[in-house]
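Residue strings, one per chain:
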Amino acid sequence: MPASSTEPSTKVASRQVHVALGERAYDVFIGPGLAANAGVQIKSATGANRCCIVTDGNIEASGHLRRLSDSIVAEMSILGHIVMEPGEATKCFTELHLLSEGMLKLGVERRDVVIALGGGVIGDLTGFAASILRRGVRFVQIPTSLLAQVDSSVGGKTGINTAQGKNLIGAFHQPSLVIADTDTLSSLPDRQLRAGYAEIAKHAVLGDTVYFDWLERNVGAVLAREPGALVHAVARSVEMKAEIVARDETEQGDRMLLNLGHTFGHAFEAWAGFSDKLLHGEAVALGTAIAARFSATLGLCPPQAATRVVAHFKAAGLPTRVAHIASNTAPTVEELLNLMDQDKKVQAGRMTFILLREIGRAFISRDVERDQVRQCLEAEIAGTA
Ligand code: GLY
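Only a predicted model underlies this, so the values are computations on that prediction, with no experimental measurement involved.

Glancing now at the environment of V333. Structurally, V333 can be placed in helix α13 (residues 333–341). Owing to a relative accessible area of 14%, V333 belongs among the buried residues under this scheme. For the pair V333 and G107, spaced 226 residues apart in sequence, the C-alpha to C-alpha distance is 49 Å. Those residues in contact with V333 that sit more than four places away from it in its chain are R374, L377, E378 and I381.

Encoded structure:
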């Protein structure tokens, strides 16, 4: 992976990243104030004459829905708005059913475009509904959370959760356009911002040591929402993700690297019931810290590299230990192993882990023995890892 991080300029210009997927290629625009021009961009990227907008109650209340509608209405007709309940629980079969029927009732047809305005939940659910509605309608992502801007809105993974685990029902359905207006992050609660930062740090840890150095120097500026730092961090993460997705759209190989921290993280997230006890980004931070310590314990990466990764997540105010989960109880090893067995990357009963050789050099491992995972989890739960 090329290490092409540069310092952001003091003048905050927008950035454009191309996701090179042939017939399914699209652009991601990143910068302040982009929502004001969204209508023109959506019209030019899709040529659609009609759209429907899906969002959640918080985004509606924040005024983002009204501002987006104002910018779209001059370019195309809006069939209607569908406002979902905020929160991870909305990514479920019941809400998928309601959303799909809602779009049919509005009269959404094949040539129309569905616009997902919101965080990862709205993007994943709306993208999945768009993928199955009339066997597939186009959709546009307008991510409003940091996590969605740097990760979930790019790459076409869509889906819902079930009792068995996260995102186990879904489809690859690429958006036609992504507009990441960094101004929408100004109203994001601090905890959500930090959770999104976990995915930024994950990108650097897995593939770009220069970017990791930059983040170590600029974590404060990104979390203080300094416009230049925010645009640079979002754009570099999107660039890295776009390169990986262009190489491996459907996760047959390299794309698994983006799951650094997720095999452990998803198990903790499912154990916490996909609740406020542990947000997705927090689970990624915890999972990445565990993956780094595990890599060092297995002798795969220098202990100093693991220490540096963990220190960075701590500096961002993110959980790095099981004890940091806001819960009176701790999971058992068996509970976590059972949840990890549901991971989509399990092949012929063998778990896949994304481990580290160094900061910026993650790799895919299917060589880890179950006993080694068990010992890792025992030490993590006991706090002795
Ligand atoms: N969030 C990981 C991926 O999109 O592949």
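Let us keep going from here.
Quick look at the packing of aromatic side chains now. If you walk through the whole model with that rule in mind, you get four aromatic pairs. With a centroid separation of 6.5 Å and 25° between ring planes, the pair formed by Y211 and W214 is classed as stacked. Of this pair, Y211 and W214 are both found in helix α8 (residues 209–223), three residues apart, which corresponds to roughly one turn of the helix. Y211 sits in the buried class, given a relative accessible area of 0%. Residues F264 and F294 carry aromatic rings whose centres are separated by 5.9 Å and whose planes lie at 80° to one another, so their mutual orientation is edge-to-face. Of the two residues, F264 sits in helix α10 (residues 262–271) while F294 sits in helix α11 (residues 280–297), which places them 30 residues apart along the sequence. No difference in accessibility class separates F264 from F294, as the two residues are buried. An aromatic cluster of at least three residues, connected via ring pairs, comprises F264, F294 and F353. A cation over an aromatic ring shows up here: K277 above the ring of W271, its NZ or CZ 5.8 Å from the ring centre.

To continue, consider empty space enclosed by the protein. Across all of its chains, the model carries two cavities of 30 Å³ or more by this definition. Considering the residues around the largest cavity, the lining is formed by 12 residues, among which G165, K166, H266, L339 and D343 are closest to the centre. Elements supplying a minimum of two residues to the lining of the largest cavity: β8 (165–172), α10 and α13. Classifying every residue of the lining of the largest cavity gives five nonpolar, four polar and three charged. Empty space within the second largest cavity amounts to approximately 40 Å³. Looking at the second largest cavity, the residues that line it are N259, L260, G261, H262, T263, F264, A291, F353 and I354. The set of elements that each furnish at least two residues to the lining of the second largest cavity consists of α10 and β10 (353–358).

Moving on: the layout of surface pockets. Of the volumes computed, that of the second largest pocket is approximately 180 Å³. Taken together, R293, F294, A296, T297, L298, Q372, Q375, C376, A379, E380, T384 and A385 make up the full set of residues lining the second largest pocket. Among the secondary structure elements, those contributing two or more residues to the lining of the second largest pocket are α11 and α14 (370–382). A total of five residues in the lining of the second largest pocket trace back to one element, the largest contributor, which is α14. Residue classes in the lining of the second largest pocket are distributed as six nonpolar, four polar and two charged.

Conventions and cut-offs
- Residues numbered from 1 in each chain as written.
- Predicted model: local features only at pLDDT ≥ 70, side-chain atom pairs only at ≥ 80, totals over all residues.
- Heavy atoms only, no water.
- Helix = DSSP H or I, 4+ residues; strand = E, 2+ residues; numbered from the N terminus.
- Buried < 20%, exposed > 50% of the residue type's maximum accessible area, 1.4 Å probe, protein only.
- Contact = heavy atoms within 4.5 Å.
- Phe/Tyr/Trp six-rings, centres within 6.5 Å; stacked < 30°, edge-to-face > 60°.
- Lys NZ or Arg CZ within 6 Å of the ring centre and 35° of its normal.
- 1 Å grid on protein atoms, 1.4 Å probe; cavity = no way out; pocket = protein on both sides within 12 Å on 5 of 7 lines; lining within 4 Å.
- Points joined across faces, edges and corners; volume = space filled by probe spheres on them.
- Nonpolar A, V, L, I, M, F, W, Y, C, P; charged D, E, K, R; others polar.

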